[in-house]
Structures are given as structure tokens and as C-alpha cells.
Amino acid sequence: MNKRPSRQLFEKIYTQLKGIPDIWVKRDSNLSSLTTFKIGGDARLWIAPLSVDALVSCLGLLKDNEIDFHILGGGSNVIISDHGVDCVLDTRGLAWIKSIGEGQYEVGAGFSLKRLVALSVKNGLSGCEGLAGIPGSVGGAIAMNAGGKNVAIGDLVTHLLIADSGGTRWIPREKVQFGYRKCVIEDRSFNSTLNTQNSKLLMERSFNSTLNTQNSKLIIAGARISLQKSRERIVRDYVLSIMDRRKKTQPLGKPSAGCIFKNPRSTPAGKLIEMAGLKGMQCGGAAVSVKHANFIVNLDRARAQDVVDLIKRVREKVFENFNVLLEPEVKTMGVSL
Ligand SMILES: NC(=O)C1=CN([C@@H]2O[C@H](COP(=O)(O)OP(=O)(O)OC[C@H]3O[C@@H](n4cnc5c(N)ncnc54)[C@H](OP(=O)(O)O)[C@@H]3O)[C@@H](O)[C@H]2O)C=CC1
Ligand SMILES: C=C(O[C@H]1[C@H](O)[C@@H](CO)O[C@H](OP(=O)(O)OP(=O)(O)OC[C@H]2O[C@@H](n3ccc(=O)[nH]c3=O)[C@H](O)[C@@H]2O)[C@@H]1NC(C)=O)C(=O)O
């Protein structure tokens, strides 16, 4: 465990960051409103680069000063500690999109999935309808290959724009393996101290997987995606049907982080949790949704600790009942599950 950086060091970095063009930076900035759970304490340093150049400069500065940080996208899949965290790099300023051919777009990590789906409807482009209603950013979605029943965002990606303190580079799709809630990037140019083979960087969004640690943090800065020409009405109808199903089956009106657990191969997590009789179970202000058991909702000013306690209890109960250990899909900052 690293020593917490001193306030003086943070002041120094804050001043230096202020000197980099196209960066927003704040001290002691509350994070709860940046998450769909509406939970979380302050970031001692909140940094939002507005361009890829600014992102790289910022990563260099953080690396030189050995400051560890968390990456925040749309905040839709994260539990942030009630006590806050040291440093958050918010990617939502990287929200550009540009057309690079018919149905082909270059899109920044911070661009929201909602806007991507809206743009595909407007232009009669098919491919991302299944992402309708999924919150979060393109970068966050790619990092965990988010998706629904028939599509995951990895299916649309042709290239990834990767950034670290050394710069950026485009990685072709062939060098990226997407799986269920998983994105594995093969990047020979990245000088990872964590990887013994030095040829493969794992960005598996899996429980306990923290290969993205200090000084070797790899960030998805953007992507090129490919959609197919269709007709506006057809794309719109498909999007509406997906949204409709989501509204019927998911507690969208309440703050949450979507599904808490990945689906085990055997049986969907929601079904297991319901069969264990856990719908409605509460810890403090957090509750297992009665509408969809794989959602935990912030019922009444829940704290991160309430959610963590509830996750632990649900895992224990499901294990006791079915001998299945549920694996969290949700990510954490400053707390452990
Ligand atoms: N199917 C559904 O209905 C739902 C799906 N989700 C999916 O979860 C995804 C989470 O996205 P979002 O809200 O933007 O992410 P978050 O802000 O919730 O970040 C979650 C984690 O994703 C990683 N991450 C985010 N952005 C990047 C990036 N640019 N590069 C590398 N890693 C990144 C970080 O992991 P680390 O700390 O390990 O680096 C971070 O802790 C959403 O896009 C959404 O699709 C969420 C809710 C519901
Ligand atoms: C919400 C998320 O993604 C969702 C995504 O929105 C939907 C729709 O495509 O499909 C997945 O949910 P899911 O597997 O729970 O899908 P659902 O169709 O709602 O449920 C699967 C099965 O479980 C049953 N089910 C679900 C919830 C419940 O309380 N009880 C129950 O019995 C349903 O009846 C169904 O037979 C993704 N979840 C995971 C962990 O893969 C997320 O990642 O955060």
C-alpha cells in the first residue's frame, strides 16, 4: 500500500495542472453527483482533461509524482467510498465525435452511449441499438465490453485509441480481445512493469483484477466504430423496443449502478438472488431491487458502506443456497468488496 500523498504535494500538482491548457481541475470536489448511484465522498483532486494532448500531459505529471488515480467515465458502474479518494481522472471532457466514412466514427472516451445511440437513430445506422438505455461513456463501456443480450460494444470497435504517460497510439481490433464484460488489449509498445511477458496488457473488468495500477495505467482515450447503413424508422423502432423492455424489467427510476454481479454461466445472477429470497433485502439505505434482483438501489441516502455490506450479504446467501460465488461487475474506488 502506498503512503498517502501529502497535502503539499497535491497543492503543487494542482498548481502545475492549472498550467496545462485544456484541463479542468478542482480540489476537494464531491463525486456523488457524478455517479448514477449518487454515492461517494470527495476527490482531493478531480481532473478533467478536455483534449487527448491534455490527457497525456496530465498522465505524465501524475506519473512523475507517483500519484495513483481512478478513471471515471459516466460513473454508472462504480461505488465510490464515503470517505472519498485521492485523485480522479474524469474522461467526460473527451467527448468528441467525428465522421470518418460512411457509418464510421471516431469517438472520444467521454462521449456518452446515450448520444451515440441517438446519433445512430438520426442517421439511420444500425449496430448499437442493443446499447440503448445503457448509461455511461464509450470509454467505460469499452473497458468492460458493456452490452445487452444481442450486442456488446466491442462488436462495433475497429480501433482503440490508448493513452498513457508516454503518449497515444491506435490499436487495431485484431489486437483486442473482447469477452463477456472483458477487454484484453495486446500492446507491444506499452512498457508495463506489471507484465512479465511485456506483450499483453490485461484490462479485464473482473473482480479483484487491478492490473491497471499506479504508473502503468492504460486509458481508453477514444475508439473508431463501425455501424451499418439502415433506415431511421427501423433503427428507431428497435431502440424503442429495447428501451421499453428495460423499463419493464429494470428499476430505472432509482439511483443504481446497473447489474451488480456478472451472470454466472449457469443461471443469471438476478434469478439466483430472487430464488434465494433476497429481493427487498436492505442494509441501511441500500436495497436489493424488488423489480430486478441483480440491481441494488439507493433507496434513501445510502452510503457506499451500505452497498458494500449488502453485496457481501447477497454473495454469502447465494453461495449458501446454490454454491455459486457471484462475481461483482461493479467497480469500486476506495472501498473493497
Ligand atoms: N447494461 C446496463 O444496463 C449497464 C451497463 N453499465 C455499463 O458500465 C459501463 C461503465 O461506464 P462508465 O459509466 O463510463 O464508467 P464508470 O465511470 O462507472 O467507470 C467504471 C470503471 O471503468 C473503467 N473506465 C472508465 N472509463 C475508462 C477509460 N476511458 N479507460 C479505461 N478504463 C475506464 C475504470 O476502471 P478501473 O478503475 O478498473 O480502471 C472505472 O473504474 C457503462 O458504459 C455501461 O455500459 C452500467 C450500468 C448499467
Ligand atoms: C444491467 C446490466 O446489463 C444487463 C442488460 O441490461 C440486460 C438486457 O440486455 O441483460 C443482462 O441482464 P440480465 O441477464 O439480468 O437480463 P434479464 O433478461 O433482465 O434477466 C435474465 C433472466 O433472469 C431472470 N430474472 C431477472 C431478474 C430477477 O429479479 N429475477 C429473475 O428471475 C429473468 O426472468 C430472465 O429470465 C445484463 N446484465 C448482465 C449482468 O450481463 C449491466 O451490465 O449493468
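Residues numbered from 1 in each chain as written. Chains lettered and ligands numbered in written order. Predicted model: local features only at pLDDT ≥ 70, side-chain atom pairs only at ≥ 80, totals over all residues. Heavy atoms only, no water.

As annotated in an unreviewed UniProt entry, the protein chain carries the name UDP-N-acetylenolpyruvoylglucosamine reductase and comes from Dissulfuribacter thermophilus. Quoted verbatim from the Sequence similarities (unreviewed entry) heading of the UniProt record, the comment on the protein chain is "Belongs to the MurB family." Per UniProt, the protein chain has the following entry under Pathway (unreviewed entry): "Cell wall biogenesis; peptidoglycan biosynthesis." (UniProt positions renumbered as here; feature names shortened; annotations may be inferred.)

**Student:** Residue-level account of the overall build of the protein chain, with values.
**Tutor:** Helix and strand counts for the protein chain stand at seven helices and 20 strands. Taking the principal axes of its C-alpha atoms as reference, the protein chain extends roughly 55 × 50 × 40 Å. Here the protein chain holds 337 residues, and the buried ones make up 53% of them. Accessible surface, the protein chain: about 15800 Å² in total, of which carbon and sulfur atoms supply 48%. Charge centroids of the protein chain, computed over 47 positive and 31 negative side chains, lie 4 Å from each other. (Helix = DSSP H or I, 4+ residues; strand = E, 2+ residues; numbered from the N terminus. Buried < 20%, exposed > 50% of the residue type's maximum accessible area, 1.4 Å probe, protein only. Areas by Shrake-Rupley, 256 points an atom, 1.4 Å probe, with all protein chains shown as cover. Lys, Arg positive; Asp, Glu negative; His and termini not counted. Charge placed at Lys NZ, Arg CZ, Asp CG, Glu CD.)

**Student:** Please set out the confidence of the model for the protein chain residue by residue, giving values where relevant.
**Tutor:** Here the protein chain averages 91 in pLDDT, while 91% of its residues score no lower than 70. Confidence drops under a pLDDT of 50 for residues 190-215, and excluding neighbours within four residues, the segment shows 65 contacts in the predicted structure. (pLDDT = per-residue confidence, 0-100. Contact = heavy atoms within 4.5 Å.)

**Student:** Tell me about the sheet that holds strand S19 (residues 295-298), and name the residues and values.
**Tutor:** One open sheet accounts for four strands, arranged S16-S19-S18-S17; its pairing is antiparallel. Lying at the two open borders of the sheet, with one neighbouring strand each, are strand S16 (256-259) and strand S17 (282-283). By the bridge criterion, two bridges tie S16 to S19 in an arrangement that is antiparallel. Of the residues in S19, the one forming a bridge with Cys259 is Phe295. (Pairing = 2+ DSSP bridges.)

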